[in-house]
Amino acid sequence: MKLSLNNTGDFSRWLNCADKKELCYAIRYFCEDADAEEQSALRLSANRLQQKYYGKRIYFRGLLEFSSCCKNNCYYCGLRKSNGSATRYRLTGKEILDCCQAGYLLGFRTFVLQSGEDRYFTDARLCCIVSAIKERFPDCAVTLSVGERSRESYQALFASGADRYLLRHETADEEHYGKLHPKELSLQNRKRCLYTLKDIGYQVGAGFMVDSPYQTYETLAEDFLFLRELEPHMIGIGPFIPHKDTRFAGFYHPSSQHTLILLSLIRIMLPKVLLPATTALSTVDPLGREKGLKAGANVVMPNLSPAAHRKDYAIYDNKVYTGEEAAEGLSCLSHQIVSAGFTPDFSRGDYIDLQKESRSK
Ligand code: 5AD
Ligand code: SF4
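Each chain has its residues counted from 1, following the order in which its sequence is written. Chains carry letters from A onward and ligands carry numbers from 1 onward, assigned in written order. Reporting in this predicted model follows two pLDDT cut-offs: at least 70 for local features of residues, and 80 or more for side-chain atom pairs to be given and counted; totals over whole chains, interfaces and linings ignore these cut-offs and use all residues. Based on all heavy atoms of the structure, the side-chain values leave hydrogens and waters out of the count.

## Remarks on helix 9 (residues 217-230)
In an α-helix, one full turn covers 3.6 residues, which means residues spaced three or four apart are oriented alike. Cut-off, in case you're wondering: By the criteria applied, helices consist of DSSP H or I runs no shorter than four residues and strands consist of E runs no shorter than two, each listed in order from the N terminus. Every helix has an expected span of 1.5 Å times one less than the residues it contains. Burial classes follow relative accessibility: with a 1.4 Å probe on protein chains only, a residue under 20% of its type's maximum area counts as buried, one over 50% as exposed, and anything between as partly exposed. Each polar contact in these results corresponds to two N or O atoms within 3.5 Å; when the atoms are within protein, one needs to be able to donate a hydrogen and the other to accept it, and residues that are neighboring in sequence are counted only if both atoms are side-chain atoms.
The end-to-end C-alpha distance of helix 9 is 20 Å, a good match for the 20 Å that 14 residues give at a rise of 1.5 Å each. Within helix 9, 10 of the 14 residues are buried, which leaves the element mostly enclosed by the surrounding structure. Buried within helix 9 we find Tyr217, Thr219, Leu220, Ala221, Asp223, Phe224, Phe226, Leu227, Arg228 and Leu230. Put simply, Thr216 is the residue that caps the front of helix 9, since its side-chain oxygen is 3.2 Å from the backbone nitrogen of Glu218.

What follows is the structure, given as structure tokens:
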């Protein structure tokens, strides 16, 4: 098989019809065999498609990590319940609103509320926080990233004003899922949550870690098949980074290389998707964010969490803290984006076909 990037549209169509074996071949090819010229052609194709739908705009989201407590035990994560060395914190509703206020003044119009699966945040508590944010900042979007919950819970949060939901599927391969999670967690339930969220009307984000333990080109091909089927509005991918208090401590040295290639392939397969250049990517590579944007990513998520707690949201080791929540840091990030040839955009930045989708419902 010979892969040709001469025509981006053709390659995009090919990625959308390819079977598992062909996807596996394409992913392996770009990760292992493609020379610098082919890799640069891949990035260029991804960029062209990104521009076709979103122009040169890079969307800003304000990230609020509001609780580091978690009832789960994902084997790869520093916040897992049985990590006794993790420092746990929980922001109050007022602290969350204060962070949003500060973010609003800096220009943010999307707030991403992320936490471990913390039982303290019942539907009643979380709905109250979401509706308070929406009441105070009606022109803003609220994105939740709080894990697996029941349909009723997702429905109640949507009714209280949440617009979007991020829930990475982590891996779409059953066996691989079982090597990363204890038996209480299942891929089946994760998928059920994602389809439910979509059905309710959220803009939905799925995603996975790149170079996670036991990941293969086959499991990645399975991820691509699943993403193609789910058609999420957002996809979060970033390099796996070992955490010292997990069984995968020192597993191997993380790098940005594969994430950058997969960002481009995902952009070409699902050209309209909102795709962040993640903190994990900046953590493993000081130029990670810029490289990510040039590879097809079109979202950045500066951290708005209170400085006092930031180091405690330790999913992995050495997480970078770049100080972008402060006005100076933010303008520095904006400059970086402009120098890379893009335009910072602080609007809500909804998925491009959203209006079309809701009209057809
Ligand atoms: N390295 C990189 N990403 C991680 N995540 C959890 N642990 C790690 C790690 N060690 C990611 C998971 C999760 C998200 C919140 O963070 O994909 O969904
Ligand atoms: Fe909890 Fe999420 Fe970490 Fe799993 S990945 S242990 S659900 S914080």
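## A closer look at the packing of aromatic side chains
Put simply, the test is: Here a pair means two rings of Phe, Tyr or Trp (six-membered ring of Trp) with centres within 6.5 Å. Their orientation is stacked below 30 degrees between planes, edge-to-face above 60, and tilted elsewhere. Two conditions define a charge located above a ring, namely a distance within 6 Å from the ring centre to NZ of Lys or CZ of Arg, and an angle within 35 degrees of the ring normal.
Counted by the stated rule, this structure contains 20 aromatic pairs. When the centroid spacing of 4.9 Å and the interplanar angle of 85° are considered together, the rings of Phe66 and Phe121 count as edge-to-face. With Phe66 in strand 2 (residues 62-67) and Phe121 in the loop between strand 3 (110-115) and helix 5 (123-136), this pair connects stretches of sequence that are 55 residues apart. When sorted by exposure, Phe66 lands in the same class as Phe121, which is buried. Each member of the aromatic cluster is reached from another via a ring pair, and the members are Phe11, Trp14, Tyr25, Tyr29 and Phe30. For the cation-ring pair, Arg247 lies above Tyr75, with the distance from its terminal atom to the ring centre recorded as 3.5 Å.

## Structural notes on the sheet that holds strand 9 (residues 343-345)
As a reminder, the rule being used: Two strands qualify as a pair provided DSSP detects at least 2 bridges between them.
Pairing is parallel across the open sheet formed by three strands, whose spatial order is 8-1-9. Among the strands making up the open sheet, the edge pair consists of strand 8 (299-300) and strand 9. Direction of pairing for strand 1 (residues 57-60) relative to strand 8: parallel, over a ladder of two bridges. If you follow Tyr59 over to strand 8, its bridge partner there is Val299.

## Points about the site of ligand 2
Using the following cut-off: A molecule or strand has a residue near it when one of that residue's heavy atoms lies within 4 Å. Classes in brief: Ala, Val, Leu, Ile, Met, Phe, Trp, Tyr, Cys and Pro nonpolar; Asp, Glu, Lys and Arg charged; the others, Gly included, polar.
Around ligand 2, the neighbouring residues are Cys70, Asn72, Cys74, Tyr76, Cys77, Arg80 and Gly116. The class makeup of the residues in the shell around ligand 2 is four nonpolar, two polar and one charged.

## Thoughts on the pairing of strand 3
We count it as follows: Convention used here: a crossover is right-handed provided that the path from the first strand, over the helix, to the second strand proceeds clockwise when the strands point away from the viewer.
Buried residues dominate strand 3, accounting for six of its six residues. Neither face of strand 3 is exposed, since Thr110, Val112 and Gln114 on one face and Phe111, Leu113 and Ser115 on the opposite face are all buried. Where strand 2 meets strand 3, five bridges bridge the pair, whose relative direction is parallel. Paired with Ser67 across the bridge in strand 3 is Ser115. In terms of handedness, the path from strand 2 via helix 4 (residues 93-106) over to strand 3 forms a crossover that is right-handed. For strand 3 and strand 4 (residues 141-145), the ladder comprises five bridges, and the chain directions are parallel. Each bridged residue has a counterpart across the sheet, and for Leu113 the counterpart in strand 4 is Leu144.

## Comments concerning unusual backbone geometry
You will see that Glu170, though not glycine, has its phi angle at about 75°, which is positive. With respect to the element layout, Glu170 can be found in the loop between strand 5 (164-166) and helix 7 (174-180).

## Quick look at the packing of helix 1 (residues 8-17) against helix 3 (residues 36-54)
The following threshold applies: Lines fitted to C-alpha atoms define the axes here, with helix axes fitted over just the stretch in contact, and angles between the N-to-C directions of these axes take values from 0 to 180 degrees. By definition in this entry, angles of less than 35 degrees are roughly parallel, angles greater than 145 are roughly antiparallel, angles of 65 to 115 are roughly perpendicular, and the rest are oblique. Contacts are assigned to residue pairs that have any heavy atoms within 4.5 Å of one another.
Running from N to C, helix 1 and helix 3 cross one another at 90°; their axes reach a closest spacing of 10 Å. In terms of axis orientation, helix 1 runs roughly perpendicular to helix 3. Taken together, the residues of helix 3 that come into contact with helix 1 (itself represented by Thr8, Phe11 and Ser12) are Leu42, Ser45, Arg48 and Leu49. Considering only residue class, the contact of helix 1 with helix 3 consists of three nonpolar, three polar and one charged.

## Here we look at the environment of Ile27
Within the secondary structure, Ile27 sits in helix 2 (residues 20-33). With a relative accessible area of 1%, Ile27 lands in the buried category. Sequence spacing of Ile27 and Asp123 is 96 residues, and the spatial spacing of their C-alpha atoms is 40 Å. In contact with Ile27, other than residues within four places in its own chain, are Tyr217, Leu220, Ala221, Phe224, Leu262 and Leu265.

Such coordinate-based values are descriptive only and should not be taken to indicate function.
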